[in-house]
Amino acid sequence: NTADRTRQLALSHVLENVCNSYVNFERMSIYDLKGDTIASSNPKVLGDNFSDREYFTKVAATQKPFSSAPFLSRVSKSLVMVIAVPLFRDGAFVGVMTGNLNMAHFYTQQVKPIRVGSSGYAFVLDPQGLIAMHPNKELEFNKDLPEIPEYRRLLKMGHGLDSFVDSQGDTVIVYLDKDEKSGLTAVVRANESDAFSGLVDIRNSCLVYQSDAADEE
C-alpha cells in the first residue's frame with residue numbers, strides 16, 4: 001500500500017546516504033523473510049526477490065553474519081563481495097541486511113599498480129576461474145577464454161611459477177597465488193625479456209663500469 005511504499009522509500013533514502021559515505025560500497029539493501037527487497041540504496045530493486053542468492057540463504061538458515069566470495073553482480077554487472085547480517089526485532093529474526101562491496105577500488109589500489117618491466121602486469125581470477133579484474137576490461141568474465149590453450153594452462157596450474165610460449169611466439173613467465181578464503185587467484189604475467197630486464201640493466205651497468213675502470217688504468 002501507499003504507506004508501506006512511503007516507509008520503504010524513506011528507509012531507502014537513509015541507506016543511500018550511508019552507502020554514499022563509504023566509497024567501497026555499491027549498494028545496501030534490506031530483505032524480508034521471503035527475500036523481497038523492502039529497502040535499498042538503489043530504489044530500482046525495491047520489491048525484487050533475492051531469496052536465491054547464497055548470502056540470503058546462508059543468513060536465513062543460520063541467522064549469523066556471512067561474507068560471500070567475490071562474484072559478478074546480476075544487478076550492476078560488476079565484481080562484488082557481499083556482507084550479509086541477520087536483522088532481529090524483539091529477539092525474533094525478521095530479515096537480512098546486505099552491503100555490496102565493489103571490488104573496483106580494490107583493483108585500483110592493490111592490483112593495477114603491479115608492473116613488471118614495461119609491459120608485465122597483474123590480474124585476478126574469480127573462484128570459478130574466470131578473469132575478474134584485468135587491464136583489458138573486454139576479458140573480464142569472458143566465458144570463451146577457457147577454450148584458449150594458454151588460458152587452460154593457467155587454470156591447470158592453480159599455484160606457482162611457470163613459463164611457456166604464447167600465441168605471439170613470446171616466452172611468458174607467470175606466477176599464480178590463490179587466496180583460499182576468498183577463492184580469488186592473483187596472476188602476474190610478463191614477457192621473459194621484461195621479467196629479466198632489470199638484471200640486464202645491472203649487467204650492462206657493470207660492463208660499462210668495468211670498461212671505464214680499465215681505461216683509467
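See the structure printed just above.
Below, the structure is looked at part by part. Quick caveat: nothing in here was measured; it's all calculated off a predicted structure.

With that out of the way, let us pick up the overall build of the protein chain. Regarding its fold elements, the protein chain presents six helices and 12 strands. By the burial criterion, 35% of the 217 residues in the protein chain qualify as buried. For the protein chain, long-range pairs separated by at least 24 residues make up 37% of all intrachain contacts whose partners lie at least 6 apart in sequence.

Okay, the pairing of strand β12 (residues 185-191) next. Here is the key point about a regular strand: its side chains alternate between the two faces of the sheet. Burial within β12 is extensive, with five of its seven residues counted as buried. Summarising the sheet, strand β11 (residues 171-178) and β12 pair through seven bridges and their orientation is antiparallel. Looking at β12, one finds that Tyr-175 is bridged to Val-188. Counting the residues between successive antiparallel strands, the hairpin from β11 to β12 contains six residues, one of them, Gly-183, with a positive phi of roughly 85°.

Once that is clear, we can look at the side chain of His-134. Within the element layout of this structure, His-134 appears in the loop between β9 (131-133) and α4 (149-157). By relative accessible area, His-134 is classed as buried at 5%. Only 2.8 Å separates the side chain of His-134 from the backbone nitrogen of Asn-136, close enough to count as a polar contact. Here His-134 is in contact with Tyr-107, Tyr-121, Phe-123, Leu-139 and Glu-140, once residues within four sequence places are set aside.

Taken as a whole, the largest pocket spans an internal volume of roughly 320 Å³. Every residue lining the largest pocket is counted, 17 residues in all, and those nearest its centre are Leu-145, Ile-148, Glu-150, Tyr-151 and Arg-189. Counting only elements with at least two residues in the lining of the largest pocket, the list comes to β8 (120-125), α4 and β10 (160-165). Here the lining of the largest pocket takes four residues from α4, the largest share from any one element. Classifying every residue of the lining of the largest pocket by side-chain character gives 12 nonpolar, two polar and three charged. Forming the boundary of the second largest pocket are 16 residues, of which Val-124, Asp-177, Thr-185, Ala-186 and Val-187 lie nearest the centre. Contributions of two or more residues to the lining of the second largest pocket are made by α3 (104-111), β8, β11 and β12.

In this section: the side chain of Ser-29. Relative to the helices and strands, Ser-29 resides in strand β1 (residues 25-31). Within the structure, Ser-29 has its side chain in polar contact with the side chain of Arg-27 (distance 3.3 Å).

Right, let's talk about a nonpolar patch on the surface for a bit. A cluster of nonpolar side chains, Leu-11, Val-14, Val-18 and Tyr-22, forms an exposed patch at the surface whose accessible area comes to about 330 Å². For Leu-11, the location among the structural elements is in helix α1 (residues 2-20). Residue classification places Leu-11 among the partly exposed positions, given a relative accessible area of 34%.

Two strands pair when backbone bridges link them, and strand β3 (residues 66-67) and strand β5 (residues 79-89) are joined in this way by two bridges, in the antiparallel orientation. Bridge pairing in β5 places Ser-67 opposite Ile-83. Where strand β4 (residues 71-72) and β5 come together, two bridges link them in antiparallel fashion. Note on β5: the bridge partner recorded for Leu-72 is Leu-79. The hairpin turn running from β4 into β5, its antiparallel successor, is six residues long, and Lys-77 in that turn takes a positive phi close to 65°. Sheet topology places β5 next to strand β6 (residues 92-102); 10 bridges connect them, and they run antiparallel.

The rules behind these values
Residues numbered from 1 in each chain as written. Predicted model: local features only at pLDDT ≥ 70, side-chain atom pairs only at ≥ 80, totals over all residues. Heavy atoms only, no water. Helix = DSSP H or I, 4+ residues; strand = E, 2+ residues; numbered from the N terminus. Buried < 20%, exposed > 50% of the residue type's maximum accessible area, 1.4 Å probe, protein only. Contact = heavy atoms within 4.5 Å. Pairing = 2+ DSSP bridges. Polar contact = N/O pair within 3.5 Å; in protein donor to acceptor, adjacent residues only side chain to side chain. 1 Å grid on protein atoms, 1.4 Å probe; cavity = no way out; pocket = protein on both sides within 12 Å on 5 of 7 lines; lining within 4 Å. Points joined across faces, edges and corners; volume = space filled by probe spheres on them. Nonpolar A, V, L, I, M, F, W, Y, C, P; charged D, E, K, R; others polar. Patch = residues over 30% accessible without salt bridge, like charges linked within 9 Å, V, L, I, M, F, W, Y side chains within 5 Å. Areas by Shrake-Rupley, 256 points an atom, 1.4 Å probe, with all protein chains shown as cover. Salt bridge = Lys/Arg side-chain N within 4 Å of Asp/Glu carboxyl O.

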